[in-house]
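Structural features, examined
Listed below are the residues making up each chain.
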Amino acid sequence: MSDLAIELHWQRSEPALQTGKYSNEHTVQYNSVYDVQVDSAPDWGGDPANTNPEQALASALSSCHMMTFLALAAKAGWPVASYHDYAEAHLGKNPKGQMSVTRIDLHPVVRFDTGFAVDDAQLAQMQDRAHRYCFIANTLADSVEINIR
């Protein structure tokens, strides 16, 4: 199997590393080409203009789920024309009392070519299959909800 990597760079800009007196802003580089500015979530003092690890986790799950759904739909002969998702990561305390992403909600909207339709039960079944086969969802276990629109 492949090893998939990113590069992360953080540089202190303050005179000293002191609790609550330094920036968490850093850069994550993908494929030696794409730089993304990352920071803490705004609730933890991060710049809301930057992405944060919790959003990146929701993005990874949403992307993986969509790609799995599209692969399954292609095998089933479903002519998907567009796919949109609104993914939301929820922060809270896990059963051990630690801060964590306690749940990620996906809200996929799937559109098909004109003249093709599936009923709600078929769509729900395909979304469930996509969830079961998605690598990221399998990594996260039980913290994902799929709410079909």
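Residues numbered from 1 in each chain as written. Predicted model: local features only at pLDDT ≥ 70, side-chain atom pairs only at ≥ 80, totals over all residues. Heavy atoms only, no water.

**What about the layout of surface pockets?**
Heads up, the condition is: With a 1 Å grid laid over protein atoms only, a set of points is called a cavity when a 1.4 Å probe fits there but cannot get out and a pocket when it is open yet has protein on both sides within 12 Å along at least five of seven lines; lining residues have an atom within 4 Å of a point. Grid points are joined across faces, edges and corners, and a volume is the space filled by probe spheres set on the points. A helix here means a DSSP run of H or I that spans at least four residues, while a strand means a run of E at least two residues long, and both kinds are numbered starting from the N terminus. Residues are grouped as follows: Ala, Val, Leu, Ile, Met, Phe, Trp, Tyr, Cys and Pro are nonpolar; Asp, Glu, Lys and Arg are charged; every other residue, Gly included, is polar.
Taken as a whole, the largest pocket spans an internal volume of roughly 550 Å³. The wall of the largest pocket is formed by 21 residues, among which Ile6, Val28, Tyr30, Ala56 and Ala60 lie closest to the centre. If you list the elements that add at least two residues to the lining of the largest pocket, you get strand E2 (26-30), strand E3 (34-38), helix H1 (53-76) and helix H3 (135-140). Counting residues per element, the lining of the largest pocket draws most heavily on H1, at nine residues. Residue composition of the lining of the largest pocket, grouped by class: 15 nonpolar, six polar and no charged. Estimated volume of the second largest pocket: approximately 200 Å³. Secondary-structure elements contributing two or more residues to the lining of the second largest pocket are H1 and strand E5 (87-93). Looking at the lining of the second largest pocket residue by residue, the class counts come to seven nonpolar, two polar and three charged.

**Focus: the confidence of the model for the protein**
Inclusion rule: pLDDT runs from 0 to 100 and stands for how confident the predictor is about each residue.
On average, residues of the protein carry a pLDDT of 91, and 94% of them reach 70 or more. Here strand E8 (residues 144-146) stands out as the least confident element of the protein, with mean pLDDT 64; strand E4 (residues 80-84) is the most confident, with 97.

**What to know about the environment of Ala41**
Defined as follows: The rule is simple: take the accessible area with a 1.4 Å probe, protein chains only, and divide by the maximum for that residue type; under 20% is buried, over 50% is exposed, in between is partly exposed.
Secondary-structure assignment places Ala41 in the loop between E3 and H1. Residue class for Ala41 comes out buried when judged on its relative accessible area of 9%. Sequence separation between Ala41 and Glu54 is 13 residues; the distance between their C-alpha atoms is 7.3 Å.

**Brief notes about the packing of aromatic side chains**
Put simply, the test is: Ring pairs shown here join Phe, Tyr and Trp side chains whose ring centres sit within 6.5 Å, with only the six-membered ring taken for Trp; geometry is labelled stacked below 30 degrees between planes, edge-to-face above 60, and tilted in between.
Inspection of every chain in the model, using the stated rule, returns five aromatic pairs. Taking 5.6 Å as the distance between ring centres and 50° as the angle between the ring planes, the aromatic pair formed by Phe69 and Tyr83 counts as tilted. Taken as a pair, Phe69 in helix H1 and Tyr83 in strand E4 lie far apart in primary sequence, 14 residues in all. There is no split in this pair, since Phe69 and Tyr83 are both buried. Between Trp78 and Phe116, the aromatic rings sit 6.4 Å apart at their centres with planes inclined by 50°, giving tilted as the arrangement. With Trp78 in the loop between H1 and E4 and Phe116 in the loop between strand E7 (109-112) and helix H2 (120-133), this pair connects stretches of sequence that are 38 residues apart. The class of Phe116 is partly exposed, set by a relative accessible area of 30%. Of the aromatic side chains, those joined through ring pairs into one cluster are Phe69, Trp78, Tyr83, Phe112 and Phe116.

**Focus: the packing of H1 against H2**
Packed helices, taken two at a time, are described by their axes: the angle between them and the distance between them. Stated precisely, the cut-off is as follows: Axis geometry follows a simple rule: fit a line to the C-alpha atoms, using only the stretch in contact for helices, then measure angles between N-to-C directions, giving values from 0 to 180 degrees. What sets the label is the angle itself: under 35 degrees gives roughly parallel, over 145 gives roughly antiparallel, 65 to 115 gives roughly perpendicular, and the rest give oblique. Should the near helix be turned anticlockwise from the far one by less than a right angle, the crossing is termed left-handed; should it be turned clockwise, right-handed. Every residue pair with non-hydrogen atoms within 4.5 Å of one another is taken to be in contact.
One way to put it is that H1 packs onto H2 with a least axis distance of 8 Å and a crossing angle of 125°. It follows from the interaxial angle that H1 and H2 lie oblique. Remark: the crossing between H1 and H2 carries right-handed chirality. Along the contact surface, H1 presents His65, Thr68, Phe69, Leu72, Ala73 and Ala76, while H2 presents Leu123, Met126, Gln127, Arg129, Ala130, His131 and Tyr133. The class makeup of the residues in the contact of H1 with H2 is eight nonpolar, four polar and one charged.

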